[in-house]
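# Coordinates in review
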Amino acid sequence: MNIDTLKSVANAIVAQQKGVLAADESNATIKKRFDTIQVESTEENRRRYREIMFTADGIERTVGGVILYDETLRQRTREGVPFPTLLANRGIAPGIKVDLGAKALALHPGEKVTEGLDGLRERLAEYRQLGAQFAKWRAVIEIDEHDLPSAFGIRANAHALARYAALCQEAGLVPIVEPEVLMDGAHGIERCEAVTAQALQAVFAELDAHRVQFEGMLLKPNMVIAGKKCPRQASVQDVAEATLRCLRRYVPSAVPGIVFLSGGQSAEDATDHLNAMNAMGPQPWAVSFSYGRALQAPVLAAWQGQEGQAAAAQQALLKRCELNGLAREGKYERAMETAA
Ligand code: 13P
């Protein structure tokens, strides 16, 4: 492991206005996204959709890294340039989702644990050869008003995240560590804050025990937010304050950057929340984004699988990236959404 390389990759991904485009949907997930616009999920349609995004002019100003899926990492542009090469040539770090998905946690009804550790060392070596500079592993923490998650569910997921992160650093890849407390459910923001605190505390204890170097990783957490079905939705300012309070308590300042997931928030809300946090002044770590849906929903809506709409889809992506770039500096305003 060369910690200086890991540090410089991690810092470059979250430099200035930059964040991450999460384009690592598994084939099952991208099919769901394509279903919403009645596009068939063929290998070529998936390739073309990703190509449209990765060739959008100007995204390198605000996108420091793109997370790819196994199939995508091996795909090429029409001209035959491998996607990782295309991205790296634009100054964007290519990354790879390496977990194999969240499966039911045995004897723990309603909870999940992420699989994919077996053979991971060998897979990481191949991904690195294919051009990946960083990796991502997502743990899913189910939450309800009282019982979920269990302490063991959190521990099992934290342990898996730490084993993954250690293997990444050994292989020379920056691990993005993603413990996602879901937004589903009717719980209030206070419950989300308590569970997020427990999850982060457990994750950093395990990372430390596994000798992961915090300087060479990125954290991808949920924001602290009320469940989607909660009648009491918190204000933008309340979300920003609760999220930063929780992160400042449990995330070591040695971590170079926090790159939030969007988790089902609208594109506008995800940008607004990020902006409010950055408007609260400097934090120990860069406060940035690693959005999937909140960057891509407008792209899919503009594209509709129509070749003639490719330029409009690129514009939609560029707009979201630029607005999130402004949010990184606390300079975004909701009124910018409607501006031409
Ligand atoms: P969302 O921003 O759509 O939550 O996706 C980010 C991600 O990579 C989830 O693993």
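Let us look at the structure shown here. Note that residues are indexed from 1 along each chain, following the sequence as it is written. Local features in this predicted model are restricted to residues whose pLDDT is 70 or higher, and side-chain atom pairs enter the listing and the counts only when it is 80 or higher, whereas totals over whole chains, interfaces and linings include all residues. Side-chain measures here rest on the full set of heavy atoms in the structure, leaving out hydrogens and waters.

### Topic: the side chain of arginine 47
We count a stretch as a helix when DSSP gives it H or I for four or more residues in a row; a strand needs E for two or more, and each element gets its number in order from the N terminus. Structurally, arginine 47 can be placed in helix α3 (residues 43-54). There is a polar contact of 2.8 Å between the side chain of arginine 47 and the side chain of glutamate 44. The contact rule is simple, with two residues in contact once any of their heavy atoms fall within 4.5 Å. With residues near it in sequence (within four places) discarded, arginine 47 still touches Gln75, Arg76, Thr77, Arg78 and Phe83. For the purposes of these results, a polar contact is taken to be a pair of N or O atoms within 3.5 Å, where, inside protein, one atom must be able to donate a hydrogen and its partner to accept one; residues adjacent in sequence count only when each atom of the pair is a side-chain atom.

### What about the pattern of salt bridges?
Salt bridge, as applied in this entry: a Lys or Arg side-chain nitrogen positioned within 4 Å of an Asp or Glu carboxyl oxygen. All chains considered together, the criterion is met by 27 salt bridges. Note that glutamate 51 and arginine 48 form a salt bridge whose closest N and O atoms lie 2.8 Å from each other. Of the two residues, glutamate 51 and arginine 48 both sit in helix α3, three residues apart, roughly one turn of that helix. Grouping residues by exposure puts glutamate 51 and arginine 48 together as buried. Working definition: with a 1.4 Å probe on protein chains only, accessible area under 20% of the residue-type maximum means buried, over 50% means exposed, and in between means partly exposed.

### Quick notes on the nonpolar core
The term nonpolar core refers to a set of buried residues drawn from Ala, Val, Leu, Ile, Met, Phe, Trp, Tyr and Cys, joined through side-chain atoms within 4.5 Å. Core analysis: the largest hydrophobic core is formed by 97 residues, its most contacted members being Phe54, Tyr164 and Leu207. When residues in this core are grouped by element, the largest group, ten residues, is from helix α8 (residues 189-209). Listed in part, the 15 residues of the second largest apolar core include Ala10, Ile13, Leu218 and Val259.

### Remarks on the site of the ligand
Taken together, 13 residues sit near the ligand, with Lys136, Lys220, Ser262, Gly263 and Arg293 positioned nearest. Measuring from an oxygen atom of the ligand, one finds a backbone N or O atom of glycine 263 at 2.7 Å. One of the backbone nitrogen or oxygen atoms of glycine 292 is found 2.7 Å away from an oxygen atom of the ligand. Accessible surface is estimated by sampling points in the Shrake-Rupley manner with a 1.4 Å probe; for residues, cover comes only from the protein chains shown. Burial of the ligand by the surrounding chains reaches 91%, relative to a free accessible area of 300 Å². Any residue with at least one heavy atom within 4 Å of a molecule or strand is counted as near it.

### Observations concerning the side chain of threonine 77
With respect to the helices and strands, threonine 77 occurs in the loop between α4 (70-73) and α5 (83-89). Sequence-distant contacts of threonine 77, defined by excluding residues within four places in its chain, comprise Arg47, Glu51, Phe83 and Leu86.

### Quick look at the state of the cysteines
In protein structure, a disulfide is the covalent linkage between the sulfur atoms of two cysteines. Disulfide: a pair of cysteine sulfur atoms within 2.5 Å of each other. Within the structure shown, the criterion is met by zero disulfides. The thiol of cysteine 192 is unpaired, and the distance to the nearest cysteine sulfur, on cysteine 246, comes to 7.9 Å.

### A closer look at the packing of helix α11 (residues 293-303) against helix α12 (residues 310-327)
Think of each axis as a best-fit line through the C-alpha atoms, taken over the contacting stretch in the case of a helix, with angles from 0 to 180 degrees between the N-to-C directions. Where α11 contacts α12, the axes come no closer than 8 Å and their chain directions differ by 160°. Compared by their axis directions, α11 and α12 come out roughly antiparallel. In this structure, α11 meets α12 at a crossing whose hand is right-handed. The residues of α12 that touch α11, namely those facing Ala294, Leu295, Pro298, Val299, Ala302 and Trp303, are Ala310, Ala312, Ala313, Ala316, Leu317, Arg320, Cys321 and Asn324. An angle below 35 degrees is treated as roughly parallel, one above 145 as roughly antiparallel, one from 65 to 115 as roughly perpendicular, and anything else as oblique. Note on convention: the crossing is left-handed when the near helix lies turned anticlockwise from the far helix by less than a right angle, right-handed when the turn is clockwise.

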